[in-house]
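Below, each chain spelled out in residue letters.
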Amino acid sequence: MTEPKHPVRTVDRAMEIVEIIQELDGAGVSEIAEQVDIGKSAVHNHLNTLVNREYLVKEGDEYQIGLSFLGLGAYARDRTQIYETARSEIDKLANETGELANLLVEKNGTGIYLYQAQGQNAVELDTHEGKQVSLHCTALGKSILAYRPRDEVTEILDKHGMPKMTEQTITDRDQLFNELDQIRQQKYAVDNEERLAGLCCVSAPITTGEERSIGAISVACPVHRISEERFYEELPDAVLGTANVIELEHNYS
C-alpha cells in the first residue's frame, strides 16, 4: 500500500479510533485514549462526530461500531467481481460438503472474508464477512500466497510478520516457502489447527489466466469429526472443482 504524501491527520486518527473500537469489541474514552497519541478531550470530539454521523453508537459509557458501516461494506463487497461470481458456487460447496464454506481475498497483505455459507453441519467460528486474518496461518491465505511472486510474499511477511496463533502455526519463513511450493504442485492448501485449535481447513486458490491468485475458497470443519481420507481426498476434490468453475466464469464470461 502506497503511503500518502500529505496524510490528513484528523481523518487518519478517526479511522484509527474506529479500528480500535472494532478490535476491542466496544470501548470507552479512557481505553481509546490509552492507545492513541491524543488526550481524552480530543478523543471525545472524534467520537461525538462519528456518533452524529451514525458510524458509531454509544451504549452507556461504551462506543460500538454503527450500522452505517454495514451499508458501506456491503456496497464495497458487491462491487467486487469475484464475490458476484463465487457466491452461488460457495453456497453449492457448503451444501455439498455440509460444512462451512468461505471466500477470502487479499487486501494490503491481510486476508478479508468476503463471503461464507453454512452447510447442514457447519461449525460456528469467530469468522464473519469482513473479518481480517493473517495469511500465513490459514489454508485460504496460503493458497493466495502460493500464487504470488516470492518478493511480494516477502514484502507481506516483512510488513505483517508471522504471529503465532496456535502450537501448529508456521512461524519460520523457510518452512512457509517450502509449503507454498508444495501447494503450487498439489493445487490446494491445508490448515491443520494453524489458526484455531481444533479446526482444520482445505482451500484452493482462484487464479487469473496468468496464474496469479485473486482469492481463495475453503471448507472448514472440526478435526474431531473428519477422517484422513476426507481431509486429503474428498475435500480437496470438492474445493478444486468449485475453484475451477469460479475461475472459468470469472476469467471467460
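Residues numbered from 1 in each chain as written. Predicted model: local features only at pLDDT ≥ 70, side-chain atom pairs only at ≥ 80, totals over all residues. Heavy atoms only, no water.

- If you check an unreviewed UniProt entry, the protein chain appears there as IclR family transcriptional regulator from Natrinema soli.

1. Considerations on the overall build of the protein chain
- Of regular secondary structure, the protein chain possesses nine helices and eight strands.
- For 253 residues, the compact-globule estimate of 2.2 N^0.38 gives 18 Å, and the protein chain sits close to it at 20 Å.
- C-alpha extents for the protein chain along the principal axes are approximately 60 × 40 × 40 Å.
- Burial analysis of the protein chain (253 residues in total) assigns 46% to the buried set. (Helix = DSSP H or I, 4+ residues; strand = E, 2+ residues; numbered from the N terminus. Rg over C-alpha atoms; globule rule 2.2 N^0.38 Å. Buried < 20%, exposed > 50% of the residue type's maximum accessible area, 1.4 Å probe, protein only.)

2. Thoughts on the state of the cysteines
- Overall, the coordinates contain zero disulfides when judged by the stated rule.
- In this structure Cys 200 is a free cysteine whose sulfur lies 3.8 Å from that of Cys 221, the closest cysteine sulfur available. (Disulfide = S-S within 2.5 Å.)

3. Looking at the environment of Gly 60
- Here Gly 60 lies in the loop between β1 (56-59) and β2 (62-65).
- Accessibility expressed as a relative area gives 56% for Gly 60, which makes it exposed.

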